[in-house]
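Residues per chain, in single letters:
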Protein chains: 2
Amino acid sequence: MATVTRSMHDLAGLTPHQIRHSIRQGQWRRPTSGLARGYTQANLAVVPRALAYDFLLFCQRNPKPCPLLEVLDPGDPEPREFAPGADIRTDIPRYRVYRDGALSDEIDDLMNYWRDDFVGFLLGCSFTFEHPLMDAGIGMRHIELGVNVPMFITNRPCRPAGVFHGPLVVSMRPIPAHDIVRVVQITSRFPAVHGAPIHMGDPAVLGIRDVQRPDFGDAVPVMRGEMPVFWACGVTPQAVMMQAKPPLALTHAPGHMFITDRRDSTLAVL
Amino acid sequence: MATVTRSMHDLAGLTPHQIRHSIRQGQWRRPTSGLARGYTQANLAVVPRALAYDFLLFCQRNPKPCPLLEVLDPGDPEPREFAPGADIRTDIPRYRVYRDGALSDEIDDLMNYWRDDFVGFLLGCSFTFEHPLMDAGIGMRHIELGVNVPMFITNRPCRPAGVFHGPLVVSMRPIPAHDIVRVVQITSRFPAVHGAPIHMGDPAVLGIRDVQRPDFGDAVPVMRGEMPVFWACGVTPQAVMMQAKPPLALTHAPGHMFITDRRDSTLAVL
């Protein structure tokens, strides 16, 4: 089949269902930021059933970095709650394959890797709270600069569960002092997608030596009158999973998320 | 050892730790309502590890009736997050033993039943949101009347997980029309303990034929100018677990809760 590549313009205004269809047809292999605005995008992690209890328990014990949206049945590729009819094996633009904790491949779909004992986990993503922050007039520096959000490995351990353990990873957004209260209020409404900040101010409190040298993503400047604000980050479960070195694990490629049918606003608690 | 029975007066003002100690000593075998006001009380469910994944997944898929506070490690009786040093086998005043889904015994501690493969689940309890409601001047009819809250089996199925499936059970509290908005706001702050109501008004919407004939608990009058308000209820996981008929499962006895060290206010999201 000849694949027609689509532009962002082509996909604007399409429903999540239609965008997933384009992705499934191979027409979109790029990051999903900015697509299906207002609809929740999700991180994907796939592990064998033998590891699924430990991973589910790890998420339950660390809900801020690992906010579970949906856990699929073993072997079932359809997120029946967040995107009925979708297929997590084909509806994400790009996937990663990890063997023994090391990245071994980046691929376009999971069809050649899928097994009957694989369990898919969809986890919340900070895209969901960045939109209401921007709607409130609060700028996201990394988006303004067109770079990835800066992320840091902290000195805070996650609560371990079975084979899974490791440090909390955080993302950082610089926020003007006069917007801090509003930022806490808005993000507190979204516990399903990392929720309220876990820290603001002195990065050393989290064991971060230099806020201009992130462990993942890109550095962004913190201006005079701004405070660095830290949120638990969805990289945590991936980092922890890699540390546990499962023989085989599958994830989305960073920034290439699963687009659900669920409106962001339905995840707000108040 | 001669057991000295304590009165509510004796326990007033004691810390959760001290109250659990009294319970462990056999000095308190009655319901825990009113004890350690301001501290979170929890439902207990214990299942073998072989059923733990399905039960954990059921809770993840049905967070309103099954708000997980903590899942203990297999064989570990200590809730390290919510009550370090405590023991779920001895620190609850009364327990129930279920065999093949049927109540087979009520006992004072779990020491003779405990196994290395048992997994303890602590689930949130509506006591936590009833206190801030009462603090806001909103009366809880069942507490005023000194009876159990009325509970109803609805026509809404829970999302199944493995061997666990069944209908949503709700509790009902009559609320004056002018307090409804405040009640939604206050309980929305506590997603970890059933959260916002799932319905208010016509009981028939939930398949409830007669709001004066609850399936569990006691009937309470709904006065003129009041609306029946329904919350997802912690009886749901117990009912569902019994329906799955595990060979052996252990729970607290109704009203005889596990008292944690966690202040209710720490569970509020905003």
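Computed from a predicted model, the values in this text were never measured in an experiment.

About the criteria used
- Residues numbered from 1 in each chain as written.
- Chains lettered and ligands numbered in written order.
- Predicted model: local features only at pLDDT ≥ 70, side-chain atom pairs only at ≥ 80, totals over all residues.
- Heavy atoms only, no water.
- Helix = DSSP H or I, 4+ residues; strand = E, 2+ residues; numbered from the N terminus.
- Rg over C-alpha atoms; globule rule 2.2 N^0.38 Å.
- Buried < 20%, exposed > 50% of the residue type's maximum accessible area, 1.4 Å probe, protein only.
- Contact = heavy atoms within 4.5 Å.
- Areas by Shrake-Rupley, 256 points an atom, 1.4 Å probe, with all protein chains shown as cover.
- Lys, Arg positive; Asp, Glu negative; His and termini not counted.
- Charge placed at Lys NZ, Arg CZ, Asp CG, Glu CD.
- pLDDT = per-residue confidence, 0-100.
- Least-squares fit on C-alpha atoms with pLDDT ≥ 70 in both.
- Buried area = accessible area lost by both parts, 1.4 Å probe.
- Salt bridge = Lys/Arg side-chain N within 4 Å of Asp/Glu carboxyl O.
- Polar contact = N/O pair within 3.5 Å; in protein donor to acceptor, adjacent residues only side chain to side chain.
- Nonpolar A, V, L, I, M, F, W, Y, C, P; charged D, E, K, R; others polar.
- Pairing = 2+ DSSP bridges.
- Axes fitted to C-alpha atoms, helices over the stretch in contact; angles between N-to-C directions.
- Phe/Tyr/Trp six-rings, centres within 6.5 Å; stacked < 30°, edge-to-face > 60°.
- Core = buried A, V, L, I, M, F, W, Y, C linked by side-chain atoms within 4.5 Å.
- Parallel < 35°, antiparallel > 145°, perpendicular 65-115°, else oblique.
- Left-handed = near helix turned anticlockwise from the far one by under 90°.

## Focus on the overall build of chain A
Summing up its helical and strand segments, chain A has seven helices and eleven strands in all. Taken against the 2.2 N^0.38 rule, which gives 18 Å for 270 residues, the C-alpha radius of gyration of chain A at 18 Å falls within 12% of a compact globule. In terms of its C-alpha atoms, chain A occupies a principal-axis envelope of roughly 55 × 45 × 35 Å. For chain A, with 270 residues in total, the buried portion stands at 55%. Within chain A, counting contacts between residues at least 6 apart in sequence, those at least 24 apart form 76% of the total. Looking at chain A as shown, the accessible area adds up to about 11100 Å², and 52% of this sits on carbon and sulfur atoms. Taking the average location of the 27 positive side-chain charges in chain A and that of its 27 negative ones, the two points are 3 Å from each other.

## Concerning the confidence of the model for chain A
Chain-level pLDDT for chain A is 93 on average; 99% of the residues reach the 70-or-more range. Scored as a whole, the predicted complex attains pTM 0.89, and scored at its interfaces, ipTM 0.84.

## With respect to the relation of the copies chain A and chain B
Taken together, a rotation about one axis and a shift along it account for how the two chain copies relate. When chain A is fitted to chain B, the residual RMSD is 0.0 Å, and the transformation amounts to a turn of 180 degrees plus an axial shift of 0.0 Å. Both copies are brought into coincidence by an operation consistent with a two-fold rotation axis. Proximity to the rotation axis, assessed at the C-alpha, singles out Tyr 53 of chain A in chain A; its C-alpha lies 2.7 Å from the axis. In this assembly, 100% of the residues forming the interface of chain A have copies in chain B that are likewise at the interface, indicating an isologous arrangement.

## Examining the interface of chain A and chain B
Listed as interface residues are 23 residues of chain A and, on the opposing side, 23 residues of chain B. For the pair chain A and chain B, the summed buried surface comes to about 2000 Å²; carbon and sulfur atoms form 57% of the total. Run the count over chain A and chain B and you get six salt bridges. A salt bridge links Arg 61 of chain A to Asp 73 of chain B; its shortest N-O distance comes to 3.1 Å. For the pair chain A and chain B, the number of links is six residue pairs in polar contact (both at pLDDT 80 or more). Among the elements that line the side of chain A that touches chain B, the one with the most residues is helix 3 (residues 49-61) of chain A, at seven residues. Residue composition of the side of chain A that touches chain B, grouped by class: 13 nonpolar, three polar and seven charged.

## Observations concerning the sheet that holds strand 6 (residues 151-157) of chain B
All names here are of chain B. Across the sheet, which stays open at both edges, the four strands sit in the order 6-7-9-8 with antiparallel pairing between neighbours. Two strands bound the open sheet, and with one partner strand each, they are strand 6 and strand 8 (199-200). The pairing of strand 8 with strand 9 (residues 226-232) spans two bridges and is classified as antiparallel. Note on strand 9: the bridge partner recorded for His 199 is Phe 230.

## Focus: the sheet that holds strand 7 (residues 167-176) of chain A
Residue and element names in this part refer to chain A. As summarised here, the arrangement of the four strands in space is 6-7-9-8, forming an open sheet in which the pairing is antiparallel. Looking at which strands have only one partner, the edges of the open sheet turn out to be strand 6 (151-157) and strand 8 (199-200). In this fold helix 6 (residues 180-188) packs onto strand 7, strand 8 and strand 9 (226-232), with an angle of close to 15 degrees to the strand it touches most, strand 9.

## Some remarks on the packing of aromatic side chains
Within the structure shown, the criterion is met by ten aromatic pairs over all chains. Note on Phe 55 of chain A and Phe 121 of chain A: the rings are 4.8 Å apart at their centroids and 90 degrees apart in plane angle, and the pair reads as edge-to-face. Here Phe 55 of chain A is found in helix 3, whereas its partner Phe 121 of chain A is found in strand 5 (residues 118-123), with 66 residues between them in sequence. Pairing Phe 55 of chain B with Phe 164 of chain B gives two aromatic rings, centres 5.4 Å apart and planes at 70 degrees, and the pair type is edge-to-face. With a gap of 109 residues between them, Phe 55 of chain B in helix 3 (residues 49-61) and Phe 164 of chain B in the loop between strand 6 and strand 7 (167-176) connect regions that are remote in the sequence. The pair Phe 55 of chain B / Phe 164 of chain B is uniform in exposure class, with both members buried. Members of the aromatic cluster, connected to one another through ring pairs, are Phe 55, Phe 121 and Phe 164 of chain A.

## Details of the pattern of salt bridges
Throughout the structure, instances matching the rule amount to 36 salt bridges over all chains. The salt bridge partner of Arg 115 of chain B is Asp 117 of chain B, with a shortest N-O separation of 3.0 Å.

## Describing the nonpolar core
If you look at the biggest cluster of nonpolar residues, it comprises 68 residues, and the most contacted ones within it are Phe 121 of chain A together with Phe 121 of chain B. Apart from residues lying up to four places away in sequence, Phe 121 of chain B is in contact with Asn 43, Leu 44, Ala 45, Val 47, Ala 52, Phe 55, Leu 56, Leu 68, Glu 70 and Val 71 of chain B.

## Brief notes about the packing of helix 4 (residues 127-135) of chain B against helix 6 (residues 180-188) of chain B
Residues and elements named next belong to chain B. Axis separation between helix 4 and helix 6 bottoms out at 10 Å; the angle between their running directions is 135 degrees. What the angle tells us is that helix 4 and helix 6 run oblique. For the element pair helix 4 and helix 6, the recorded crossing hand is right-handed. Contact residues: Phe 129, Pro 132 and Leu 133 in helix 4; Val 183, Ile 186 and Thr 187 in helix 6. In terms of residue class, the contact of helix 4 with helix 6 is made up of five nonpolar, one polar and no charged.

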